[in-house]
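Coordinate analysis (summary)
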Amino acid sequence: MTARIDHLVTSGTFALDGGEWDVDNNVWIVGDDTEAIVIDAAHDAAAIEAALGGRTLRAIVCTHAHNDHIDAAPALADATGAPILLHPDDLPLWLKTHPEHTPDGALTDGQELTVAGITLTVLHTPGHAPGAVCLYAPELATVFTGDTLFQGGPGATGRSFSSFPTIIDSIRDRLLTLPGDTKVRTGHGDPTTIGAEAPGLDEWIKRGH
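Residues numbered from 1 in each chain as written. Predicted model: local features only at pLDDT ≥ 70, side-chain atom pairs only at ≥ 80, totals over all residues. Heavy atoms only, no water.

**A short note on the overall build of the chain**
- Counting its secondary structure elements, the chain contains 7 helices and 14 strands.
- For 209 residues, the compact-globule estimate of 2.2 N^0.38 gives 17 Å, and the chain sits close to it at 16 Å.
- Reported as C-alpha extents along the three principal axes, the dimensions of the chain are approximately 45 × 40 × 30 Å.
- Across the 209 residues that make up the chain, the buried fraction comes to 53%. (Helix = DSSP H or I, 4+ residues; strand = E, 2+ residues; numbered from the N terminus. Rg over C-alpha atoms; globule rule 2.2 N^0.38 Å. Buried < 20%, exposed > 50% of the residue type's maximum accessible area, 1.4 Å probe, protein only.)

Structure, rendered in structure tokens:
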């Protein structure tokens with residue numbers, strides 16, 4: 001069976017540093033007709049479970065631990081038995097949302113996750129959050145970037161646990177080195193490509209997002 005990418009958008013609230021914002025999140029499901037992984041279980045565990053359509057969920061992968069990307073993860077794990085995977089540098093953020101439910105496994109730079117016959121390589125890309133990761137799937141010509149890289153620039157770095165110089169280094173060294181036709185599937189908003197974003201690096205630095 002051929003691996004594919006399914007997508008749904010869920011809505012909820014992002015909360016950090018005493019503020020709250022209404023947000024729409026991209027939830028990505030990578031797999032085939034029998035098994036899948038979920039990237040960022042946001043807001044609505046029931047909707048994500050329905051989108052799985054009875055497939056075996058192998059893992060719930062968190063690109064980072066801001067609450068809007070992980071708030072539905074424990075409920076989805078309880079419903080499916082799938083492990084929650086998070087880079088350990090984001091555990092302090094995770095515990096702000098789920099102090100009673102720690103992740104089941106750690107993501108590490110270079111780790112390979114296999115589902116439906118394809119490999120997703122974990123790229124540690126700190127900056128938006130200390131433990132932010134991207135997932136590169138060359139067989140699908142796709143990188144899942146969470147909130148590290150968007151159409152038009154890097155993720156936000158104006159709140160706690162974030163760093164603009166660090167996210168720029170991550171994007172330059174870990175993402176813009178990927179093939180230009182690699183599709184960038186983001187945590188919010190529309191997709192883009194590495195080739196479309198690469199020319200903007202110097203301008204982002206000047207603007208100091």
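Let's pick the thread back up.
**Section: the UniProt feature "domain: Metallo-beta-lactamase" (unreviewed entry) in the chain**
- Under the local residue numbering, the UniProt record ascribes the feature "domain: Metallo-beta-lactamase" (unreviewed entry) to residues 24–188.
- Along residues 24–188 the backbone is 24% helical and 32% strand, and the end-to-end C-alpha distance reaches 6 Å. (UniProt positions renumbered as here; feature names shortened; annotations may be inferred.)

**Here we look at the nonpolar core**
- Ranked by size, the top nonpolar core spans 29 residues in total, and within it Val38, Ala41, Ile60, Leu76 and Trp94 carry the most contacts.
- Listed by contribution, the elements that provide at least two residues to this core are β1 (4–16), β2 (19–31), β3 (35–39), α1 (45–52), β4 (56–61), α3 (73–80), β5 (84–86) and α4 (91–97).
- Ile37, Ile39, Leu107 and Phe144 belong to the second-largest nonpolar core, a separate cluster that totals 19 residues. (Core = buried A, V, L, I, M, F, W, Y, C linked by side-chain atoms within 4.5 Å.)

**Some details on the packing of aromatic side chains**
- By the definition in use, this model includes 2 aromatic pairs.
- Pairing Trp28 with Phe144 gives two aromatic rings, centres 5.9 Å apart and planes at 55°, and the pair type is tilted. Within this pair, whereas Trp28 is found in strand β2, its partner Phe144 is found in strand β10 (residues 142–146), the two being separated by 116 residues in sequence. One exposure class covers both Trp28 and Phe144, and it is buried.
- Of note, Arg159 hangs over the ring of Trp21, and the distance from its end group to the ring centre comes to 4.2 Å. (Phe/Tyr/Trp six-rings, centres within 6.5 Å; stacked < 30°, edge-to-face > 60°. Lys NZ or Arg CZ within 6 Å of the ring centre and 35° of its normal.)

**A word on the pairing of strand β13 (residues 183–186)**
- Pairing of β10 with β13, which is carried by 4 bridges, proceeds in the parallel orientation. Across the sheet, the residue bridging to Val143 is Val184, located in β13.
- Judged from the 2 bridges that link them, β13 and strand β14 (residues 192–193) form a sheet pairing that is antiparallel. Bridge assignment links Lys183 to a residue of β14, and that residue is Thr193.
- In this antiparallel pair of consecutive strands, β13 and β14, the connection spans 5 residues, and Gly189 shows a positive phi of 80°. (Pairing = 2+ DSSP bridges.)

**Considerations on α3**
- Of all the residues in α3, the buried ones are Ala73, Pro74, Leu76 and Ala77. For α3, the arc enclosing every buried residue in end-on projection is 165°, short of the 170-degree limit, so these residues lie on one face.
- Contacts made by the buried residues of α3 are with β3, α1, β4, α2 (67–70), β5 and α4.
- Remark: Gly81 follows α3 within two positions and exhibits a positive phi of approximately 80°. (Arc of directions from axis to C-beta. Contact = heavy atoms within 4.5 Å.)

**Structural notes on the sheet that holds β1**
- Spatially, 6 strands are ordered β1-β2-β3-β4-β5-β6 in an open sheet, and the strand pairing comes out mixed. Whereas interior strands pair on both sides, the edge strands pair on one side only; in this sheet they are β1 and β6 (105–106).
- Examined bridge by bridge, β4 and β5 share 2 bridges and lie parallel to one another. Paired with Val61 across the bridge in β5 is Leu85.
- Across the sheet, α1 is in contact with β1, β2, β3 and β4; its angle to β2 comes to roughly 15°. (Axes fitted to C-alpha atoms, helices over the stretch in contact; angles between N-to-C directions.)

**Observations regarding the pairing of strand β8 (residues 118–124)**
- Burial runs high along β8: 5 of the 7 residues are buried.
- Taken together, strand β7 (residues 112–115) and the strand that follows it, β8, pair antiparallel across an intervening segment of 2 residues, in which Ala116 is found at a positive phi of about 50°.
- Pairing between β8 and strand β9 (residues 133–137): 4 bridges, direction antiparallel. Paired with Val122 across the two strands is Leu135, which belongs to β9.

**Let's talk about the sheet that holds β14**
- Across the sheet, which stays open at both edges, the 6 strands sit in the order β7-β8-β9-β10-β13-β14 with mixed pairing between neighbours. In this open sheet, the two edge strands, each paired with only one partner strand, are β7 and β14.
- Its contacts with the sheet put helix α5 (residues 164–175) on β8, β9 and β10, and the angle it makes with β8 is roughly 145°.

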